[in-house]
Amino acid sequence: SLASNVSYGTVEIIRYGMHLGDNPSTSRGPSVELDWEVMSTTTIDNLDEYESTKPPPREMNQMAMPSDLRTKLLIESGFSMREIRE
C-alpha cells in the first residue's frame, strides 16, 4: 500500500463583522447576520501549534446567542434602538 501524507502551509482566519438581520426564526429580539466587511485576519504559520492551543468546540446549546447580547453587540456596532426594534 502507498503511504500518504497531508501537509498544510499557512492557515488564514478571517473574522467578519455583523449586521442587523431579518431572519424570521428569531423568537425574541433582533437577529444578527455576518457582514461582508472583514474585521481582522490572522495568519497561522504552524497549524499543529494552533490546533493544540485552540479552545474546545462549543456544545450545541452554547451556539445560540441570547437576545440581550445580540442587542448589545448591535448597539456597539452603531445601530440605534429604533433600527433594532424595526
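Scroll up a little and you will see the structure.
The shown structure was predicted, so the numbers you read here are calculated from the model rather than taken from an experiment.

Caption draft 1: Molecular detail of the side chain of Ser-31. Tracing the chain through its elements places Ser-31 in the loop between strand 1 (11-20) and strand 2 (32-44). Relative accessible area serves as the criterion here: at 8%, Ser-31 is assigned to the buried category. A distance of 3.3 Å separates a polar atom in the side chain of Ser-31 from the backbone nitrogen of Asp-22. Those residues in contact with Ser-31 that sit more than four places away from it in its chain are His-19, Leu-20, Gly-21, Asp-22, Asn-23, Thr-26, Arg-70 and Leu-74.

Caption draft 2: Here's a closer look at the layout of surface pockets. There is about 200 Å³ of room inside the largest pocket. Looking at the largest pocket, the residues that line it are Met-18, Val-32, Glu-33, Leu-34, Arg-58, Gln-62, Met-63, Ala-64 and Met-65. Across the lining of the largest pocket, the residue classes break down as six nonpolar, one polar and two charged.

Caption draft 3: Here's a closer look at the pattern of salt bridges. Scanning all chains against the criterion turns up three salt bridges. Between Arg-82 and Glu-86 there is a salt bridge whose closest N-O contact spans 3.4 Å. Residues Arg-82 and Glu-86 agree in their burial class; the two are exposed.

Rules and cut-offs
What you see as residue numbers is a count from 1 along each chain, following the sequence as written. Local features are withheld for residues below a pLDDT of 70 in this predicted model, meaning they are given only at 70 or higher, and side-chain atom pairs are given and counted only at 80 or more; totals for whole chains, interfaces and linings count all residues. For the side-chain quantities, the full set of heavy atoms in the structure was used; hydrogens and water were omitted. In this description a helix means any DSSP run of H or I spanning at least four residues, a strand means any run of E spanning at least two, and both kinds are numbered starting from the N terminus. Relative accessible area decides the class of each residue, using a 1.4 Å probe on protein chains only: under 20% of the type maximum gives buried, over 50% gives exposed, and in between gives partly exposed. We call two N or O atoms a polar contact when they sit within 3.5 Å, provided that within protein one can donate a hydrogen and the other can accept it, with sequence-adjacent residues counted only if both atoms are side-chain atoms. Contacts are assigned to residue pairs with any non-hydrogen atoms lying within 4.5 Å of each other. As defined here, a cavity is a set of points on a 1 Å grid over the protein atoms alone where a 1.4 Å probe fits but cannot get out. A pocket is an open set with protein on both sides within 12 Å along at least five of seven lines, and residues line them when an atom is within 4 Å of a point. Grid points are joined across faces, edges and corners, and a volume is the space filled by probe spheres set on the points. Gly is put with the polar residues, along with every residue not named as nonpolar or charged; the nonpolar set is Ala, Val, Leu, Ile, Met, Phe, Trp, Tyr, Cys and Pro, and the charged set is Asp, Glu, Lys and Arg. By definition here, a salt bridge exists when the distance from a side-chain nitrogen of Lys or Arg to a carboxyl oxygen of Asp or Glu is within 4 Å.

Spatial relationships are all this shows, so hold off on functional conclusions.
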